[in-house]
Amino acid sequence: MSTDATGDYDERVTEEITVTVNGEEVTAEVEPRLKLSDFLRNECGLNGVRVGCEHGVCGACTVEQDGRTVKSCLSYAVQADGAEIETVEGLTDEAENEDGSLHPIQEAFHESHALQCGFCTSGFVMATKELLEENPDPTREEIEEGLADNICRCTGYQNIYEAVERAAEEMRE
């Protein structure tokens, strides 16, 4: 923020962006420095996007932008102008369920007790989605490599890897 000649503060600079979030177009005025994670949580009300480390290390903020996972705490909302964003909340809609059932990845995490405290789960689920889209039958080593950008502070990796294997099997059927 800067001041003008009279010492009054200038109005904040904003930019209009339009982003498709989980299939819905959202137009908003945002400050250029607003992080994508904060935009998704505060402007769109999507609390599945978690902000952990704010350095892109933990992966809790992982979302899909134009079909590729990104760390939303490392991106600015203005950089997503015109993009399609999918968050963990969008996966349930993707399953096109009217009965409220979960996406097979979410169901596998639940069934495998891979949720732990749940803080990192949405990031792991989104990373798993990208992994299984690229490789529907990954080995354990490929799963570990595919999820290496996400950190579970509860150290529940065994159950997370089992959930990915379960989801892969379910999605191949």
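What counts, and where the lines are drawn
- Residues numbered from 1 in each chain as written.
- Predicted model: local features only at pLDDT ≥ 70, side-chain atom pairs only at ≥ 80, totals over all residues.
- Heavy atoms only, no water.
- Helix = DSSP H or I, 4+ residues; strand = E, 2+ residues; numbered from the N terminus.
- Buried < 20%, exposed > 50% of the residue type's maximum accessible area, 1.4 Å probe, protein only.
- Contact = heavy atoms within 4.5 Å.
- Domains from an automatic or database assignment.
- Buried area = accessible area lost by both parts, 1.4 Å probe.
- Salt bridge = Lys/Arg side-chain N within 4 Å of Asp/Glu carboxyl O.
- Pairing = 2+ DSSP bridges.
- Axes fitted to C-alpha atoms, helices over the stretch in contact; angles between N-to-C directions.
- 1 Å grid on protein atoms, 1.4 Å probe; cavity = no way out; pocket = protein on both sides within 12 Å on 5 of 7 lines; lining within 4 Å.
- Points joined across faces, edges and corners; volume = space filled by probe spheres on them.

> How would you explain the overall build of the chain if you had to name every residue and give the values?
Of regular secondary structure, the chain possesses 6 helices and 5 strands. Counting from the amino terminus, the chain carries its helices and strands in the arrangement β-β-α-β-β-β-α-α-α-α-α. Projecting the C-alpha coordinates of the chain onto the three principal axes gives extents of approximately 65 × 35 × 25 Å. A total of 173 residues make up the chain; the buried ones form 41% of that total.

> Explain the environment of Ser37 to me, and be specific about the residues and the numbers.
Here Ser37 is to be found in helix 1 (residues 36-43). For Ser37, a relative accessible area of 1% translates into the label buried. For the pair Ser37 and Ser75, spaced 38 residues apart in the sequence, the C-alpha separation amounts to 7.7 Å. Dropping the residues within four chain positions of it, Ser37 is found in contact with Val49, Val51, Ser72 and Cys73.

> Requested: an account of the domain arrangement of the chain, with residues and values cited.
Segmenting the chain into domains produces domain 1 (15-92) and domain 2 (104-171). Relative to domain 2, the C-alpha centre of domain 1 lies at a distance of 21 Å. Every contact between the two is made by 20 residues of domain 1 and, on the other side, 17 residues of domain 2. Roughly 1500 Å² is buried in total at the junction of domain 1 and domain 2, and carbon and sulfur atoms are behind 52% of that figure. Where domain 1 packs against domain 2, one counts 4 salt bridges.

> So what's going on with the sheet that holds strand 4 (residues 68-71)? Which residues, and what values?
Read from one edge of the open sheet, 5 strands run 2-1-5-3-4, paired in mixed fashion. Unpaired on one side and paired on the other, strand 2 (24-30) and strand 4 mark the two borders of the sheet. Strand-to-strand twist in this sheet, taken as the mean axis angle between neighbours without regard to direction, amounts to 40°. The pairing of strand 3 (residues 62-65) with strand 4 spans 4 bridges and is classified as antiparallel. Among the inter-strand pairings, Gln65 is bridged to a residue of strand 4, identified as Arg68. Relative to strand 3, helix 4 (residues 121-134) is tilted by about 45°, and along the sheet it contacts strand 3, strand 4 and strand 5 (84-86).

> An account of empty space enclosed by the protein is needed here, citing residue identities and associated values.
Inspection of every chain in the model, using the stated rule, returns 1 cavity of 30 Å³ or more. Forming the boundary of the largest cavity are Gly48, Val49, Arg50, Ala60, Cys61, Thr62, Val63, Thr87, Val88, Glu89 and Ser122. Where the lining of the largest cavity is concerned, the elements lending two or more residues are strand 3 and helix 2 (88-94).

> Go over the layout of surface pockets with me, naming the residues and quoting the values.
Roughly 210 Å³ of internal volume is contained in the largest pocket. Forming the boundary of the largest pocket are Thr62, Thr69, Val70, Lys71, Ala127, Glu130, Leu131, Glu134, Glu145, Gly146, Asp149 and Asn150. Broken down by secondary-structure element, the contributors of at least two residues to the lining of the largest pocket are strand 4, helix 4 and helix 5 (140-146). Two domains share the lining of the largest pocket, each providing at least three of its residues, namely domain 1 (15-92) and domain 2 (104-171).

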